Amino acid sequence: MKKALIIATVSGFLMQFEMQNVAILQDMGYEVHYASNCNVPKYRFDAEELAHLGIRVHSVPMEKSPARLRRNALAVRRVEQIIRAEGITLIHCHTPVGGLVGRLAGMRCRDLGVRVVYTAHGFHFYRGCPKWDLLLYRTAERLLARETDALVVINREDYESASAFQLKEGGQVYRIPGVGLDRDRFHPFSEQQRQAARQRLGIGENDILLLSVGEVNRNKNHVTALKALERILKENTDRKRIRYLICGEGSERPALEAWIRQHGMEHAAACFGYCNLPEEIYGAADLFLFPSRREGLGMAALEALACGVPVAAADNRGTREYVLPGENGWLCRWDEPGDYAAAFRQWESLTEKEKIRMREKCRASTERFGKQYTAQVMKQVYRDTCGG
């Protein structure tokens, strides 16, 4: 039996983003293995459920920080052991360190003829990034590309960068529309569903709900959204009740909660914690705030748009793929609260008819990111890389 090994740094990555690829590989006759750090349960992770689906899980001591050299060197050797012991013929690696570990392990197993696919969910270098990041990460990606049979990217800017790399002989660069948006799962609410969801969240019928969904870390930059909210509240002359919910967990949550308390905004903003079923919340929102410093694409914003919710997003290589200013949302400077406050005022100034039209455009703008299109490309990637 052919065997494929999917690699990512944190254990929950597979269930969150890669189940469609698992199904494709299994349909192609592969036994699927998964290697990650099972002690870092970011997102939902259930080893028993994966085993029931025929996926074999291997715990590997890789660390998210590339600077953890000793641990990641151990991870490379552990992945090499898995490849040799299990007879792995295809590696598909994700996340920066997962990509590093997977490709270095593949290099050590050249004698086995293992094929290597790497999906870059947003290179760590990009236009306008710090010069040190540009030098370090672009150099690393250029060198690792030489150990890569298929390099898969998710936005136009990264495709241009990747196309300049030299891959293994016969290697190719591919572009997919993200990990695949499930538009059946993420769809607009009926008015009855919307009001029921808002009631569960404690949001009144006439309240305005601002929402963010995603890991709570420095890159996601929620503090800029909070500063924008502070401005919005000061300018709220008609005294409508405005709430902002941040759904997610991460290292920055304590700092955000402290900021909310220090600015006396407990009545307006709250960290909601990790949400296992975000589709039950998106449709309750009026405006989605997405102030990330950088995004490879930004699935949370796409999910919100699919639910008919306009997006006020930071202007970066990911959001420029789908945010159409004035049609389905607004692009803002990532570090300028005034831009997000201005986007809110523009949304608020729309008539009800204009808001309905914008919600329709939000939904329509996500059609090309549907999971069926990602599946078509990934099937071709696997065929081109491994044959069959």
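For the structure itself, consult the block above.
Conventions used here
- Every chain's residues receive numbers from 1 upward, in the order its sequence appears when written.
- Local features in this predicted model are restricted to residues of pLDDT 70 or higher, and side-chain atom pairs are both shown and tallied only at a pLDDT of 80 or more, whereas totals for entire chains, interfaces and linings draw on every residue.
- Hydrogens and waters are ignored; side-chain quantities use all the structure's heavy atoms.
- Put simply, DSSP H or I for four residues or longer makes a helix, DSSP E for two residues or longer makes a strand, and each gets a number counted from the N terminus.
- As a reference, a globule follows 2.2 Å times the number of residues to the power 0.38, and the radius of gyration itself is taken over C-alpha atoms.
- Under the scheme applied here, a residue whose accessible area is under 20% of the maximum for its type counts as buried, over 50% as exposed, and between as partly exposed, the area being computed with a 1.4 Å probe on protein chains only.
- Contacts: residue pairs with any heavy atoms within 4.5 Å of one another.
- Accessible surface area values rest on a Shrake-Rupley calculation with a 1.4 Å probe, where residue burial reflects the displayed protein chains alone.
- Polar contacts, as used here, are pairs of N or O atoms within 3.5 Å; protein pairs need one atom able to donate a hydrogen and one able to accept it. Residues neighboring in sequence count only if both atoms are side-chain atoms.
- Planes of paired rings set the category: under 30 degrees apart is stacked, over 60 is edge-to-face and the rest tilted, where pairs are Phe, Tyr or Trp rings (Trp by its six-membered ring) whose centres lie within 6.5 Å.
- The criterion for a charge sitting over a ring is simple: Lys NZ or Arg CZ within 6 Å of the ring centre, and within 35 degrees of the ring normal.
- Axes here mean lines fitted to C-alpha atoms, for a helix over just the part in contact, with angles spanning 0 to 180 degrees between N-to-C directions.
- Roughly parallel means an angle under 35 degrees; roughly antiparallel, over 145; roughly perpendicular, 65 to 115; everything else is oblique.
- By convention, the crossing between two helices is left-handed when the near helix turns anticlockwise from the far helix through less than a right angle, and right-handed when the turn is clockwise.
- When residue character is reported, Ala, Val, Leu, Ile, Met, Phe, Trp, Tyr, Cys and Pro are called nonpolar, Asp, Glu, Lys and Arg charged, and the others, Gly included, polar.
- Any two strands are treated as partners once DSSP identifies two or more bridges connecting them.
- Convention used here: a crossover is right-handed provided that the path from the first strand, over the helix, to the second strand proceeds clockwise when the strands point away from the viewer.

Novice: Help me understand the overall build of the protein chain in this model?
Specialist: Looking only at helices and strands, the protein chain has 14 helices and 13 strands in total. Taken against the 2.2 N^0.38 rule, which gives 21 Å for 388 residues, the C-alpha radius of gyration of the protein chain at 22 Å falls within 12% of a compact globule. When its C-alpha atoms are laid out on the principal axes, the protein chain stretches across 70 × 40 × 40 Å. Per-residue burial over the protein chain gives 52% buried out of 388 residues. Considering only intrachain contacts with a sequence separation of at least 6, the fraction spanning at least 24 residues in the protein chain is 71%. Of the roughly 17500 Å² of accessible surface on the protein chain, a fraction of 49% belongs to carbon and sulfur atoms.

Novice: Can you help me understand the side chain of glutamate 63 in this one?
Specialist: By the secondary structure assignment, glutamate 63 is in the loop between β3 (56-59) and α3 (69-86). Within the structure, glutamate 63 has its side chain in polar contact with the side chain of arginine 71 (distance 3.2 Å). Apart from residues lying up to four places away in sequence, glutamate 63 is in contact with Thr9, Asn37, Arg68, Arg71, Asn72 and Val97.

Novice: So what exactly am I meant to see when it comes to the packing of aromatic side chains here?
Specialist: Geometrically, a pair of aromatic rings is defined through the distance of the ring centres and the angle of the planes. Counted according to the given criterion, the structure contains 9 aromatic pairs. Aromatic pair phenylalanine 344 and tryptophan 347: ring centres 6.0 Å apart, planes at 40°, arrangement tilted. Taken together, the residues phenylalanine 344 and tryptophan 347, both in helix α12 (residues 337-349) and 3 residues apart, mark about one turn of the helix. No difference in accessibility class separates phenylalanine 344 from tryptophan 347, as the two residues are buried. Here the aromatic cluster, defined as three or more aromatic residues joined through ring pairs, consists of Phe186, Tyr282, Phe288 and Phe290. Above the plane of the ring of tyrosine 118 lies arginine 103, whose end atom (NZ or CZ) is 3.9 Å from the centre. Cation over ring: lysine 355 sits above tryptophan 347, and NZ or CZ is 3.9 Å from the ring centre.

Novice: What's the story with the packing of helix α8 (residues 222-234) against helix α9 (residues 253-262) in this structure? I'm lost.
Specialist: How two helices sit against one another is set out by the angle between their axes and by the gap between those axes. Contact geometry of α8 with α9 gives a least axis separation of 10 Å together with a crossing angle of 15°. Here α9 runs roughly parallel to α8, going by the angle between their axes. Relative to α9, the crossing made by α8 is right-handed. Across the interface between the two elements, His222, Val223, Leu226, Lys227 and Glu230 of α8 pack against Leu256, Trp259 and Ile260 of α9. Split by residue class, the contact of α8 with α9 holds 5 nonpolar, 1 polar and 2 charged.

Novice: Please explain the environment of aspartate 27 as it appears in this structure.
Specialist: Here aspartate 27 is to be found in helix α1 (residues 13-27). Look at aspartate 27 and you get exposed, because its relative accessible area is 70%. Placed 83 residues apart in sequence, aspartate 27 and arginine 110 show a C-alpha to C-alpha distance of 26 Å.

Novice: It is not clear to me how the pairing of strand β10 (residues 269-273) should be interpreted in this structure. Could you clarify?
Specialist: It is a general feature of regular strands that their side chains alternate between the two faces of the sheet. Both strand β9 (residues 242-247) and β10 contribute to a ladder of 4 bridges, which runs parallel. Bridge pairing links isoleucine 246 to cysteine 271 in β10. For the crossover from β9 across α9 to β10, the handedness is right-handed.

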